[in-house]
Amino acid sequence: MIIDSKEQLQIAVKAADSKRAEDILALDVREVSLLADYFMICSANSERQMNAITEEIIDKEEENNYEVKRIEGKEGGKWILIDLGDLIVHVFHAPEREFYNLEKLWSDAPLVNISEWLD
């Protein structure tokens, strides 16, 4: 199966948006990281919402035959990482997102225009 990382990203963005994730953004890290093609970052206001966003992303990716390789931080964490291979999704509790500031850390990676995927 050919992995289309941009399609994976679109699925994750739509899934997160459907669960009211905030400040969703995507970074194209192909030129700056060997880890993945894209990073998606979003915020939630509670652990419950973080878990809902995470479950929705996992469900939608699996429905589209994408393998979830690993999930970190799900039990009581304030930062959940979903490893989809070519896409790494970061679901943050809002204060933790500010603290870790991944956008600044990866500031040399261009933003992906995801506006057409959002409701």
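Reading guide: rules and limits
- Residues numbered from 1 in each chain as written.
- Predicted model: local features only at pLDDT ≥ 70, side-chain atom pairs only at ≥ 80, totals over all residues.
- Heavy atoms only, no water.
- UniProt positions renumbered as here; feature names shortened; annotations may be inferred.
- Helix = DSSP H or I, 4+ residues; strand = E, 2+ residues; numbered from the N terminus.
- Rg over C-alpha atoms; globule rule 2.2 N^0.38 Å.
- Buried < 20%, exposed > 50% of the residue type's maximum accessible area, 1.4 Å probe, protein only.
- Areas by Shrake-Rupley, 256 points an atom, 1.4 Å probe, with all protein chains shown as cover.
- Lys, Arg positive; Asp, Glu negative; His and termini not counted.
- Charge placed at Lys NZ, Arg CZ, Asp CG, Glu CD.
- Pairing = 2+ DSSP bridges.

Going by an unreviewed UniProt entry, the chain carries the name Ribosomal silencing factor RsfS and comes from Candidatus Enterococcus courvalinii. What UniProt states about the chain under its Function (unreviewed entry) heading is, verbatim, "Functions as a ribosomal silencing factor. Interacts with ribosomal protein uL14 (rplN), blocking formation of intersubunit bridge B8. Prevents association of the 30S and 50S ribosomal subunits and the formation of functional ribosomes, thus repressing translation." The record held by UniProt for the chain lists under Subcellular location (unreviewed entry) the comment "Cytoplasm".

A.B. asks: I would appreciate a short explanation of the overall build of the chain in the present structure.
C.D. replies: Along the backbone of the chain there are four helices and five strands. Tracing the chain from N to C terminus, the helices and strands come up as α-β-β-α-β-β-β-α-α. For the chain, whose C-alpha radius of gyration is 13 Å, the value lies close to the compact-globule estimate of 14 Å for 119 residues. Across its three principal axes, the chain shows a C-alpha extent of roughly 35 × 35 × 30 Å. Within the chain, the fraction of its 119 residues that count as buried is 45%. Only carbon and sulfur atoms are counted for the fraction: they give 46% of the accessible area of the chain, which is about 6,700 Å². The average position of the 13 basic charges and that of the 26 acidic charges among the side chains of the chain differ by 3 Å.

A.B. asks: How should the pairing of strand β2 (residues 38–44) be read in this particular structure?
C.D. replies: Taken residue by residue, a regular strand's side chains alternate between the two faces of the sheet. Most of β2 sits out of view: seven of its seven residues are buried. Burial along β2 is two-sided: Tyr 38, Met 40, Cys 42 and Ala 44 and Phe 39, Ile 41 and Ser 43, pointing in opposite directions, are all buried. By the bridge criterion, five bridges tie strand β1 (residues 22–28) to β2 in an arrangement that is antiparallel. Bridge pairing in β2 places Ala 26 opposite Met 40. As judged from the seven bridges shared by β2 and strand β5 (residues 87–93), these two strands associate in the parallel manner. Counted as the bridge partner of Phe 39 is Ile 88 from β5.

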